[in-house]
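This is what each chain is made of:
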Amino acid sequence: MLRRLIVGNWKMHKTISQAESLINDILKIYQPHPSVELAVAPPFVALQAASRLLAVTSIKLTAQNVCAKDEGAFTGEISPPMLREVGCHYVIIGHSERRHIFGETDQDINEKIHAALRHSLLPVLCVGERLEERQANQTQSIIQHQLQTGLDGLQSKDLAHITIAYEPVWAIGTGHAATLDQAAEVHAHIRSSLAKQWGINPDQTRVVYGGSVSPDNAQMLFQSPQINGALVGKACLNSESFVKIAKLATSD
Ligand code: 13P
């Protein structure tokens, strides 16, 4: 089985000093396990402080977004080389809040994926349907479209560096996670789409779930071998609940 990845997406929470406290609290109680990789994605301004605290640990620093350009007149943007230099390992790309609040298009997301890979940042590509799309039985076609456009132009060897996060929009921040069956079904679809399109081994693609993951439902979700980890929002802002989710993700 693939090593599970648990990423804490802090979103727009925590100042630098609050970020340091949260990381110190995580470090106090977290016991690494070979079957799980832990990652945190603080806001940009806290990355440097987080990087210093995580330097001698196994916890991977992650950015919440990235610009597709390397440098230039792009006010307010952060480039892949900046993220590399501060110590980022992963970068979340195409989160539903970026797509729906900030209007990121499939084309933007595709450019970001290419930019991240050019600079050896590992993308966590988020895909997911809205409630009305699920109700109209469009889940599979929406996901298929997001995968195809997001990964357009990549070679099959690039797929080894990509994690897909299935985040149904209706489950994000609502307290209503997908059921095990709902998540496992879409994860299987993601795997088979990628295998078909890229000719890769479906079992080698890491697909994590996001959307109201908590210590109360993580055990249920991790029952499925289809679910290779979690992208955690609210529950990652508390050290105990975040570390508990990581613990529930371990396997022998
Ligand atoms: P919640 O865990 O708060 O639902 O957020 C999920 C998410 O968007 C992670 O990227």
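The structure contained in this document is the topic of the report that follows. (Residues numbered from 1 in each chain as written. Predicted model: local features only at pLDDT ≥ 70, side-chain atom pairs only at ≥ 80, totals over all residues. Heavy atoms only, no water.)

1. Some points on the pairing of strand β4 (residues 90–93)
Phase 1: Residues of β4 alternate between two faces, with Tyr90 and Ile92 on one and Val91 and Ile93 on the opposite face, all of them buried.
Phase 2: Across 2 bridges, the pairing between strand β3 (residues 60–63) and β4 is parallel. When the sheet's bridge partners are listed, threonine 62 is paired in β4 with tyrosine 90.
Phase 3: Remark: the β3/helix α3 (residues 80–86)/β4 crossover connection has right-handed handedness.
Phase 4: Both β4 and strand β5 (residues 122–127) contribute to a ladder of 4 bridges, which runs parallel. Counterpart to isoleucine 92 in the pairing with β5 is valine 124. (Buried < 20%, exposed > 50% of the residue type's maximum accessible area, 1.4 Å probe, protein only. Helix = DSSP H or I, 4+ residues; strand = E, 2+ residues; numbered from the N terminus. Pairing = 2+ DSSP bridges. Right-handed = clockwise from strand over helix to strand, strands pointing away.)

2. Let's talk about the environment of glutamine 204
Phase 1: Mapped onto the elements, glutamine 204 comes out in the loop between α8 (180–198) and β7 (206–210).
Phase 2: Its relative accessible area of 53% is what places glutamine 204 among the exposed residues.
Phase 3: Residues glutamine 204 and methionine 1, 203 residues apart in the sequence, show an inter-C-alpha distance of 8.7 Å.

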